[in-house]
Amino acid sequence: MQNLQNPELKEKAKPSKEEAIEAVKTLISYIGDDPSRPALIDTPKRVINTYKDFFSGYESDAADVLNTTFEDIENDDEMILVKDIRLESHCEHHMIPIIGEAHIAYIPNKKIVGISKLARLVDVFAKRLQSQENLTQQIADAINDYLKPKGVIVLISAAHQCMTTRGVHKTGTKTTTIATKALFKVDDAKRREFLELIKKEM
Ligand SMILES: [Zn+2]
């Protein structure tokens, strides 16, 4: 799987927290405000702490999330579907939020994971600078690599605030991306069943 971090670069070039705080002060000055005015004094520190949460995916790993599996002997033909997983990411072009839902289904091949793990897996990749296309693919790849299922499908539907609040200002626009592996790539009936299930209220 693609490793988004270059460990050497991380060791050598990662700025300190103080340097990051200075950088935020520079941005505040750049937009025309005064970082030393009382209301803004603690803002750079808050921004850095917020970034720690927004981009916590760089500190986490798909392997840690998917390494505890259960042997599934009852079911190996039907899909396991987790839908409406809240997705919060940031676009890599503008560092502006991407907000939406992820829907994940896989057909197990003996191994299954706890349902909550799939939701956590979404965060491993979402909490980084992303494109929606790569994010969708990385989630599917991780499930494929670690669970070796008979098929995986990931569908993400999301609004890009870089489109809705700036640039073309198209509110209400949503982007849908799909990644499929194995059975879901070739089996139209399975893919249709997935699409039907995610549309239903249940
Ligand atoms: Zn963008």
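In this text, all values refer to a predicted model and were calculated from it rather than measured experimentally.

Some thoughts on the overall build of the chain
Each helix and strand in the chain was counted, giving nine helices and seven strands. Each principal axis of the C-alpha atoms in the chain carries an extent, and together these give about 65 × 40 × 25 Å. Residue burial in the chain is summarised as follows: out of 202 residues, 26% are buried.

Focus: the packing of helix α2 (residues 17-31) against helix α3 (residues 43-54)
Packed helices, taken two at a time, are described by their axes: the angle between them and the distance between them. In the contact formed by α2 and α3, the axes pass within 9 Å of each other and the chain directions differ by 115°. The way α2 lies across α3 gives a crossing that is right-handed. Touching Lys17, Ala20, Ile21, Val24 and Lys25 of α2 are Pro44, Lys45, Val47 and Ile48, all from α3. Tallied by class, residues from the contact of α2 with α3 come to six nonpolar, no polar and three charged.

Structural notes on helix α6 (residues 132-147)
In a regular helix each residue adds 1.5 Å, so 16 residues correspond to 22 Å; α6 covers 23 Å between its end C-alpha atoms and thus fits that length. For α6, the complete set of buried residues consists of Gln132, Leu135, Thr136, Gln138, Ile139, Ala140, Ala142, Ile143 and Leu147. Just downstream of α6 lies Lys148, where phi reads positive at about 45°.

A few points about the nonpolar core
Counting 34 residues, the largest nonpolar core has Ala102, Ile104, Tyr106, Leu121, Val122, Ile139 and Val154 as the members making the most contacts within it. For this core, the secondary structure elements donating two or more residues are α4 (62-66), β2 (80-91), β3 (97-107), α5 (115-126), α6 and β6 (151-160). When residues no more than four places from it in sequence are discounted, the contact partners of Val154 are Ala102, Ile104, Thr136, Ile139, Ala140 and Ala179.

Describing the environment of Thr136
Along the polypeptide, Thr136 turns up in helix α6. With 24 C-beta atoms packed within 10 Å, Thr136 lands in the buried category. Contacts of Thr136, omitting those with residues within four sequence positions, involve Val154, Ile156, Thr177, Ile178 and Ala179.

Let's talk about the environment of Pro149
With respect to the helices and strands, Pro149 occurs in the loop between α6 and β6. Residue Pro149 is classed as buried on the basis of its C-beta count, with 24 C-beta atoms lying within 10 Å. Linking Pro149 and Met163, residues 14 residues apart in sequence, is a C-alpha distance of 36 Å.

Focus on the sheet that holds strand β5 (residues 129-130)
Reading across the sheet, the five strands line up as β5-β2-β3-β6-β7 and stay open at both edges, with mixed pairing between neighbours. Each end of this open sheet is capped by a strand with a single partner; those strands are β5 and β7 (175-182). Two elements, β2 and β5, share two bridges in a ladder whose sense is parallel. In the sheet register, Cys91 faces β5, and the bridge partner there is Gln130.

What about the domain arrangement of the chain?
One can read the domain layout of the chain as domain 1 (7-54) and domain 2 (62-199). If you average the C-alpha positions of domain 1 and of domain 2, the two centres end up 32 Å apart.

Some details on the pairing of β2
Pairing geometry for β2 and β3, over nine bridges, is antiparallel. Following the sheet pairing, Ile80 is matched in β3 by Tyr106.

Conventions we followed
Along each chain, residue indices are assigned from 1 in the same order as the chain's sequence is written. Since the coordinates come from a predicted model, pLDDT governs what is reported: local features require at least 70, and pairs of side-chain atoms require 80 or more to be given and counted, while whole-chain, interface and lining totals use all residues. The way it works is that DSSP assigns letters per residue, a run of H or I at least four long becomes a helix, a run of E at least two long becomes a strand, and they are numbered from the N terminus. For the exposure call, what matters is how many other C-beta atoms sit within 10 Å of a residue's own: 20 or more marks it buried, 12 or fewer exposed, and in between partly exposed, using C-beta atoms placed from the backbone. An axis is simply a line fitted to the C-alpha atoms; with a helix, the fit covers only the stretch in contact. Between two such axes, the angle follows the N-to-C directions and lies from 0 to 180 degrees. Left-handed is the label given to a crossing in which the near helix is rotated counterclockwise from the far helix by less than a right angle, and right-handed is the label when the rotation is clockwise. By the convention adopted here, residues make contact when the C-beta atoms placed from their backbones lie within 7 Å. Residue polarity follows a fixed list, in which Ala, Val, Leu, Ile, Met, Phe, Trp, Tyr, Cys and Pro are nonpolar, Asp, Glu, Lys and Arg are charged, and the others, Gly among them, are polar. By this rule, a helix spans an expected 1.5 Å times one less than how many residues it contains. The term nonpolar core refers to a group of buried residues, namely Ala, Val, Leu, Ile, Met, Phe, Trp, Tyr and Cys, whose C-beta atoms join them within 7 Å. At least two bridges found by DSSP between two strands is the condition for calling them paired. Note that the domain bounds were set by an automatic or database domain assignment.

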